[in-house]
Amino acid sequence: MSTIVSDTDVLIVGTGFSGLGLGSLLARQGQHSFALVERASSVGGTWRDNTYPGAACDIPSHLYSFSFRPSATWSHVYGRQPEIRDYLERTAVEEGLLPHTFLDAEMLAADWDEQAQRWNVRTTRGLHVARTLVTACGHLSDPSIPDIEDLDTFTGEIFHSARWNHDVDLVGKRIGVLGTGASAIQIVPELAAVAGSLTVFQRSAPYVVPRKDRSYSDAEKGMFSRVPETARMLREKLFWDSEARFPQRLGVPVFLEQMKKLARDHLEAQVADPDLRERLRPRYELGCKRILLSNDYYPALTRPHVQLETAGIEKMTGRGIVTRDGSSIDLDVLVVATGFEAVDLPFAHRVRGRDARLLSDHWAEGGRTLASTSVTGFPNLFVMQGPSTGLGAGSIVYIIESQAKYISQAVDFIADRGAVIEPTAAAEDAYVADLDERSQGTVWLSEGCRSWYRHPTSGRLSALWPDYMRRYREENGSFDPEPYEVLGLSATG
Ligand code: NAP
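Draft legend 1. How the structure looks around the sheet that holds strand E15 (residues 328-330). An order of E13-E14-E15 is seen for the 3 strands of this open sheet, with the pairing classed as antiparallel. On the outer flanks of this sheet lie strand E13 (313-316) and E15, each paired with one strand and no other. Ignoring strand direction, the axes of neighbouring strands in this sheet form an average angle of 25°.

Okay, structure coming up:
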């Protein structure tokens, strides 16, 4: 029997925006004991892990930050990774979360103990026991490594974009980048500046639009600091600007056309070569995958030592990549920018609810929840940034704060009633059916659209919230016990 490291009302797994957001709220309320476990040696989630050159947020930082912790010092409209990581580290310190945090404590297994009506969470640092378990593991945590023949035979340096190897000297090297998503388009211009040659392996061409970035002047930062209302007003404006983009995702032609024209004009202005332009033309509906913001991605691809490879990858060899048209491309370094295990979320394979049912089995055909947060058969479990929470347009921090409030109210309810709660199967079914209905007609389910937002076998749009951000908060921002089964605690509770 392992020693119990912590025994609390609430255990939060993960210390990215979600875990720290909920932790901050619980700390400020001061009513419940809680602990955070984190598998890494520091906090920050995806903003700790993604240290690749050029890493920055593509949502303006005055919106992509906690509403209860505005920062007057964002350097640019789009915050850079080091400052976002620093913001999260300061959050952990200043909200008093570090004494509650266990680092280097990876969740190995979480089991609902029906008898004790507690979660037993086994970590690499021992056993944590809690009445309520909150997974705050995110979608973008575990690198997805493509299934390429003989990948392991490559003798050069190979690493994923979210596990950048800063020890590798890239100057003058023959570098390959696999993937052309949000990470790759930030990495490519940086690598083009130092590589001897750079080959970008594209499977699907993304939509790329201008990035309207600029640095904030000292005068502006001073204003945000002295007159916080100005930062609040900017946040409000950025929020509504994001909401105004949602009709594109609904497939409303006039909004789609506006944005497509912007992307087309951008491509035409930046790429003169008709053959390259044609290969960079997206072949799916706008918004199906993330719309990317960059002013330097296309120009990087036009440089003489940079090649765009679109033939597809046949296999890897010790020396590099063989493409489907038989070309061999020798490489010293391969950067794998192929995204994350966002469909079959790895943590769900470690959580067992009532009758030892695995969460990943419950989600075998795509994530199912009530209020994008709780799951039938999994008592006193709340999932942050799991199914039906991702956004095509907007700030995920808004969703996270909505979830944190919902969960904190549920935790109050559990404490007040001495209760164990779980959504009824009927309530979960109705919620899933409603979201499935709402996702019909969106660009995410349009013909030819294949992305990690959709479940590959059921075809359901299981990763995303298919509506406006504000609707998420209106519908799911406050805990309502009505669709829950409420059970009293046992004598041991
Ligand atoms: P991603 O968007 O999933 O893109 C992965 C790329 O790799 C795609 O181009 C994909 O091609 C390609 N790919 C995947 N498997 C492949 C294979 N087997 N062979 C060839 N190509 C393959 O991953 P990401 O760029 O890391 O971004 C993930 C998410 O992180 C984004 O959606 C976004 O939410 C977030 N992100 C945000 C920022 C930011 O600025 N805030 C920056 C980076 C990332 P296909 O398109 O054909 O699938």
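Draft legend 2. Spatial organisation of the pattern of salt bridges. The tally for this structure, following the rule as stated, stands at 35 salt bridges. Taking the shortest distance from any N to any O, the salt bridge between Arg69 and Glu95 comes out at 2.9 Å. Placement of the pair is Arg69 in the loop between helix H2 (46-49) and helix H3 (81-94) and Glu95 in the loop between H3 and strand E3 (101-102), with a sequence separation of 26 residues. Given a relative accessible area of 11%, Glu95 falls into the buried group. A salt bridge links Asp265 to Lys261; the nearest nitrogen and oxygen atoms lie 2.7 Å apart. Of the two residues, Asp265 and Lys261 both sit in helix H8 (residues 253-270), 4 residues apart, roughly one turn of that helix. Residue classification places Asp265 among the partly exposed positions, given a relative accessible area of 35%. Look at Lys261 and you get partly exposed, because its relative accessible area is 45%. Look at the salt bridges and you will find they share partners, linking Asp434, Arg438, Asp467, Arg471 and Glu475 into a network.

Draft legend 3. The arrangement of the nonpolar core in detail. Ranked by size, the top nonpolar core spans 77 residues in total, and within it Ile12, Phe17, Phe382 and Ile421 carry the most contacts. Of the residues forming this core, the biggest block, 12 residues, is contributed by helix H12 (residues 396-417). Mapping this core onto the domain boundaries places at least three of its residues in each of domain 1 (4-43 + 97-142 + 341-492) and domain 2 (151-206 + 247-336). Excluding residues within four positions of it along the chain, Ile12 makes contact with Gly19, Leu22, Gly23, Leu26, Phe34, Ala35, Leu36, Val37, Val134 and Ala136. Residues Ile175, Val188, Val208 and Leu280 belong to the second largest nonpolar core, which totals 32 residues.

Draft legend 4. Structural view of the site of the ligand. The immediate surroundings of the ligand are formed by 21 residues, with Asp58, Thr180, Ser183, Ser204 and Lys289 found nearest. Within the backbone of Gly181, one N or O atom sits 3.4 Å away from an oxygen atom of the ligand. A distance of 2.7 Å is found between an oxygen atom of the ligand and a side-chain nitrogen or oxygen belonging to Ser183. Contact with the protein chains covers 82% of the free accessible surface of the ligand, which is 900 Å². Split by residue class, the shell around the ligand holds 9 nonpolar, 8 polar and 4 charged.

Draft legend 5. Highlighting the sheet that holds strand E7 (residues 157-160). Strand order in the open sheet made by the 5 strands is E7-E16-E8-E9-E12, with parallel pairing throughout. Two strands close off the open sheet at either side, each with one partner strand: E7 and strand E12 (306-309). When the angles between neighbouring strand axes are averaged without regard to direction, this sheet yields 15°. As paired strands, E7 and strand E16 (residues 333-336) are joined by 4 bridges and run parallel to one another. Counted as the bridge partner of Phe159 is Val335 from E16.

Draft legend 6. Molecular detail of the packing of aromatic side chains. Considering all chains together, one arrives at 22 aromatic pairs under this definition. The aromatic ring of Tyr284 is capped on one face by Lys289, whose charged end is 5.3 Å from the ring centroid. Its end group placed over the ring of Tyr398, Arg473 keeps NZ or CZ at 3.8 Å from the ring centre.

Draft legend 7. Region of the structure containing the packing of helix H1 (residues 17-29) against H3. As a packed pair, H1 and H3 sit with axes 10 Å apart at the nearest point and diverge in direction by 30°. If you check the angle between H1 and H3, you find them roughly parallel. Here H1 and H3 pass one another in a crossing that is left-handed. Two secondary-structure elements touch here, H1 through Phe17, Leu20 and Ser24 and H3 through Ile84, Tyr87, Leu88, Thr91 and Ala92. In the contact of H1 with H3, the residues fall into 6 nonpolar, 2 polar and no charged.

Conventions and cut-offs
Residues numbered from 1 in each chain as written. Predicted model: local features only at pLDDT ≥ 70, side-chain atom pairs only at ≥ 80, totals over all residues. Heavy atoms only, no water. Pairing = 2+ DSSP bridges. Helix = DSSP H or I, 4+ residues; strand = E, 2+ residues; numbered from the N terminus. Axes fitted to C-alpha atoms, helices over the stretch in contact; angles between N-to-C directions. Salt bridge = Lys/Arg side-chain N within 4 Å of Asp/Glu carboxyl O. Buried < 20%, exposed > 50% of the residue type's maximum accessible area, 1.4 Å probe, protein only. Core = buried A, V, L, I, M, F, W, Y, C linked by side-chain atoms within 4.5 Å. Domains from an automatic or database assignment. Contact = heavy atoms within 4.5 Å. Near = heavy atom within 4 Å. Polar contact = N/O pair within 3.5 Å; in protein donor to acceptor, adjacent residues only side chain to side chain. Areas by Shrake-Rupley, 256 points an atom, 1.4 Å probe, with all protein chains shown as cover. Nonpolar A, V, L, I, M, F, W, Y, C, P; charged D, E, K, R; others polar. Phe/Tyr/Trp six-rings, centres within 6.5 Å; stacked < 30°, edge-to-face > 60°. Lys NZ or Arg CZ within 6 Å of the ring centre and 35° of its normal. Parallel < 35°, antiparallel > 145°, perpendicular 65-115°, else oblique. Left-handed = near helix turned anticlockwise from the far one by under 90°.

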